Amino acid sequence: MKYESNSLDTKKIPPPSLPADPAALESFIDAGAALNGLTVDPAYRTGVRIHLNAVTNAAKLVLAFKVEDEAEPGPVFKP
Amino acid sequence: MNIEWKSAAAIADYVNTGKLNAGEAVSAALARIGALDKKTNAFTDVLAARAHEAAAKVDKRVARSEALPLAGVPFAVKNLFDVKGIPTRAGSKINRERKPASADSILVERLEEQGAVLVGALNMGEYAYDFTGENVHDGNACNPHDLAHMTGGSSSGSGAAVAAGYVPLALGSDTNGSIRVPSSFCGLFGLKPTYGRLSRARSFPFVASLDHLGPLARSPLDLALSYDAMQGPDYEDPVCAQREIEPTALEISKGVKGLRIGKLEGYFARMGEPEAYAATERVAKALGVSESAELEDAGVARASAYLITASEGAALHLGRLRERAHDFDPDVRDRLIAGALIPATWTIQAQKIRRHFQAQARKLFERFDILLAPATPTRAPQIGQKTFKLDGQEMLVRPNIGIFTQPISFIGLPVVAVPVWLDDGLPIGVQVIAPAWREDLALRVAYQLEREGVCKAKPVNL
């Protein structure tokens, strides 16, 4: 399997528009928490939002990155 | 004999040659812990009775002329390692309700086989999701070099216990930097081995894809001695490599002549405070390094590690988050809840990037044997500090202390963190990074740096 140098190329793959607008992020917390059976206590909400924001910022970089279809995901990993 | 600043190698030598017995070594360690640990809060469990019993057995083995590389060496482990008879709390409130562990962690067993004596379990950030050393349940571990400052985490007690002179050796875990960060902040040598090199059997996990275990010590030789004792295949950990033991201690003094060493630029030359670069430059200069190297896509690698950590960590704790969210450390809980919301497509993409980044590193290691990079972007922040400025940008402390360590552990490369003292202030570490399975090279470089006085662990008055 061959891997070519693959720098972040925003021309080929536009970065996703994450995080979504604040209202969408709030809805996402509600829906995602419900699907996971989690209760987000109002006291936790600000912290969860801050960290979800950090996660979506990381995801922007990750999702904009082009990887080969054949790239084996890490869990089969022999350094 | 006064042993608080003696190395593990020296203690073992004294015990093997009859100048000291294991019982005395252990008593000295326990006495110092008893007298001073209220200041540093490194230990959560001091196991005096067990330690005395084990030391007596070591003395009997030495009397039978068994040569034990770690004879009588007191050591302690982060409290996510199973220790027979106590619950494996992993820094949490919830886990201390678990049944006491029925057996020791495999690494504890292997160290004790070589004559080392476990004296206790150590404080840590809750469930290892931490770079600070703060813990709401057990109290913060304090940096022995300045008690108002962080030890770094999550192997906080491991850093504090070795830097305070309680033990010459401690074990920690490193998922994103949790051995290298406390080594940097506490002025120690720390080894994060290759992913899969040391068995994780009977330790509490965090992120299966990225979890490593390893030692912290005040000398590279002690890292090598303990690492050699802990190596070897183990079917109990499916990730543990089926590789035979490749000893490092015997060749640690071989020097660095002929090694191609590069200093990482690009991503690793941004975001840090000037002291992070001054430390790296000092190490590079001492090694005669003039060539710089670029590990492409390190920023994306770090972002990928961030997602995998949040997602796998959340998956591990989902049940506890549902049932007992209020019993978590709030800083950890909110990050885990956010992690539970990550779509699987994001983390699978991150895992594919891991493969790509591994290829990038392999390519770079065709030109270099060793790469240098800062271990942390700053020296130890103050305990309680929530934000810091990196490259002029206000950032949260807790998730961002590991910006330089995360890309490296993401692809499992072995690293020795080495301590640099730029002035009379706190220390800061540099990562000596080797290709997979070449811990020996990183240890040789660390040893050379110590021999030349460029990197060392300093005693402290508590």
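Everything numeric here is computed off the predicted structure, so don't read it as measured data.

The rules behind each value
- Residues numbered from 1 in each chain as written.
- Chains lettered and ligands numbered in written order.
- Predicted model: local features only at pLDDT ≥ 70, side-chain atom pairs only at ≥ 80, totals over all residues.
- Heavy atoms only, no water.
- Helix = DSSP H or I, 4+ residues; strand = E, 2+ residues; numbered from the N terminus.
- Buried < 20%, exposed > 50% of the residue type's maximum accessible area, 1.4 Å probe, protein only.
- Contact = heavy atoms within 4.5 Å.
- Areas by Shrake-Rupley, 256 points an atom, 1.4 Å probe, with all protein chains shown as cover.
- Axes fitted to C-alpha atoms, helices over the stretch in contact; angles between N-to-C directions.
- Parallel < 35°, antiparallel > 145°, perpendicular 65-115°, else oblique.
- Left-handed = near helix turned anticlockwise from the far one by under 90°.
- pLDDT = per-residue confidence, 0-100.
- Buried area = accessible area lost by both parts, 1.4 Å probe.
- Salt bridge = Lys/Arg side-chain N within 4 Å of Asp/Glu carboxyl O.
- Polar contact = N/O pair within 3.5 Å; in protein donor to acceptor, adjacent residues only side chain to side chain.
- Pairing = 2+ DSSP bridges.
- 1 Å grid on protein atoms, 1.4 Å probe; cavity = no way out; pocket = protein on both sides within 12 Å on 5 of 7 lines; lining within 4 Å.
- Points joined across faces, edges and corners; volume = space filled by probe spheres on them.
- Nonpolar A, V, L, I, M, F, W, Y, C, P; charged D, E, K, R; others polar.
- Phe/Tyr/Trp six-rings, centres within 6.5 Å; stacked < 30°, edge-to-face > 60°.
- Lys NZ or Arg CZ within 6 Å of the ring centre and 35° of its normal.

A. Structural view of the overall build of chain A. On a plain count of helices and strands, chain A comes out with 2 helices and 0 strands. Expressed as a percentage of its 79 residues, the buried residues of chain A come to 33%. The long-range fraction of contacts in chain A, counting pairs at least 24 apart against all pairs at least 6 apart in sequence, stands at 77%. When the accessible surface of chain A is split by element, carbon and sulfur atoms take 57% of a total near 4,700 Å².

B. Region of interest: the packing of helix α9 (residues 298-324) of chain B against helix α11 (residues 344-364) of chain B. Residues and elements named next belong to chain B. Look at α9 against α11: their axes get within 9 Å of each other, and the N-to-C directions meet at 135 degrees. One finds that α9 runs oblique with respect to α11. As α9 runs across α11, the sense of the crossing is left-handed. Together, A298, V300, A301, S304, L307, I308, S311 and E312 of α9 and W346, T347, A350, Q351, I353 and F357 of α11 make up the contact between the two elements.

C. Looking closely at the confidence of the model for chain B. A residue-level look at chain B finds 100% of positions with pLDDT of 70 or above and a mean pLDDT of 97. Here the predicted complex scores 0.95 on pTM and 0.90 on ipTM.

D. Broad picture of the interface of chain B and chain A. Contact residues are listed per partner, giving 44 residues for chain B and 42 residues for chain A. Together, L341, W346 and R355 of chain B form the three largest contributors to the area buried by chain B at its contact with chain A, with a combined 20%. Seen at the junction of chain B and chain A, the total is 0 salt bridges. Between the two partners, chain B and chain A, sit 9 residue pairs in polar contact (both at pLDDT 80 or more).

E. Geometry of the pattern of salt bridges. Residue and element names in this part refer to chain B. All chains considered together, the criterion is met by 32 salt bridges over all chains. The partner of E66 in a salt bridge is R61, and the shortest N-O contact between them spans 3.1 Å. Between E265 and K263 there is a salt bridge, with the nearest N and O atoms lying 3.5 Å from each other. Assessed through its relative accessible area of 25%, E265 is described here as partly exposed.

F. Summary view of the pairing of strand β9 (residues 261-264) of chain B. Residues and elements named next belong to chain B. Burial along β9 is two-sided: I261 and K263 and G262 and L264, pointing in opposite directions, are all buried. Pairing of β9 with strand β11 (residues 370-374) involves 3 bridges; the strand directions are parallel. Bridge assignment links G262 to a residue of β11, and that residue is L371. As defined by bridge partners, β9 adjoins strand β10 (residues 292-293) across 2 bridges and the pair is classed as parallel.

G. Fine view of the environment of A375 of chain B. Structurally, A375 of chain B is set in the loop between β11 and β12 (387-390). Not counting residues up to four positions away in its chain, the partners in contact with A375 of chain B are R180, S184, I401, F404, T405, G429, V430 and Q431 of chain B.

H. Representation of empty space enclosed by the protein. Residues and elements named next belong to chain B. As enumerated under the stated definition, the model contains 4 cavities of 30 Å³ or more in all. Empty space within the largest cavity amounts to approximately 110 Å³. Taken together, 14 residues make up the lining of the largest cavity; nearest its centre are Y129, F131, N176, T309 and R335. Each residue belonging to the lining of the largest cavity can be placed in one class, and the counts come to 6 nonpolar, 6 polar and 2 charged.

I. Highlighting the sheet that holds strand β15 (residues 428-433) of chain B. Residues and elements named next belong to chain B. Strand order in the open sheet formed by 11 strands is β1-β3-β2-β6-β8-β7-β14-β15-β11-β9-β10, and the pairing between neighbours is mixed. Of all strands in the sheet, those bounded by a partner on one side alone are β1 (43-46) and β10. Relative to the sheet, helix α4 (residues 106-113) contacts β2 (74-78), β3 (117-122), β6 (169-174) and β8 (212-217), its axis offset from that of β2 by approximately 175 degrees. Seen against the sheet, helix α8 (residues 274-286) touches β9, β11, β14 (415-420) and β15 and runs at an angle of roughly 155 degrees to β11.

J. A look at the packing of aromatic side chains. For the structure on display, the rule yields 9 aromatic pairs over all chains. A centroid spacing of 5.7 Å and a plane angle of 50 degrees characterise the contact between Y127 of chain B and F328 of chain B, whose relative ring orientation is tilted. On the criterion of sequence distance, the pair formed by Y127 of chain B in the loop between β3 and β4 (142-143) and F328 of chain B in the loop between α9 and α10 (330-340) is long-range, its members being 201 residues apart. Relative to F404 of chain B, the ring of Y277 of chain B has its centre 6.4 Å away and its plane inclined at 65 degrees; by these criteria the two rings are edge-to-face. Within this pair, whereas Y277 of chain B is found in helix α8, its partner F404 of chain B is found in the loop between α12 (397-400) and α13 (406-410), the two being separated by 127 residues in sequence. One aromatic cluster in this structure is built from Y267, F268, Y277 and F404 of chain B. Positioned above the aromatic ring of Y44 of chain A, the side-chain terminus of R333 of chain B is 3.4 Å from the ring centre. The ring of Y195 of chain B is capped by R354 of chain B, whose NZ or CZ atom sits 5.4 Å from the centre of that ring.

K. Inspection of the layout of surface pockets at higher detail. Each pocket or cavity is described by its volume, and for the largest pocket that value is around 760 Å³. What lines the largest pocket is a set of 29 residues, among which L61 of chain A together with G299, R302, A303 and M395 of chain B lie closest to the centre. For the lining of the largest pocket, the elements supplying multiple residues, two or more each, are α2 (42-63) of chain A together with α9, β13 (393-396) and α12 of chain B. Broken down by class, the residue content of the lining of the largest pocket amounts to 16 nonpolar, 7 polar and 6 charged.

L. Molecular detail of the side chain of N143 of chain B. Residue and element names in this part refer to chain B. By the element assignment, N143 lies in strand β4. By relative accessible area, which is 0% here, N143 ends up buried. Within the structure, the side chain of N143 is placed 2.8 Å from the backbone oxygen of F185, a separation counted as a polar contact. Among residues more than four places away in sequence, those in contact with N143 are H149, M150, T151, F185, C186, A380 and L426.

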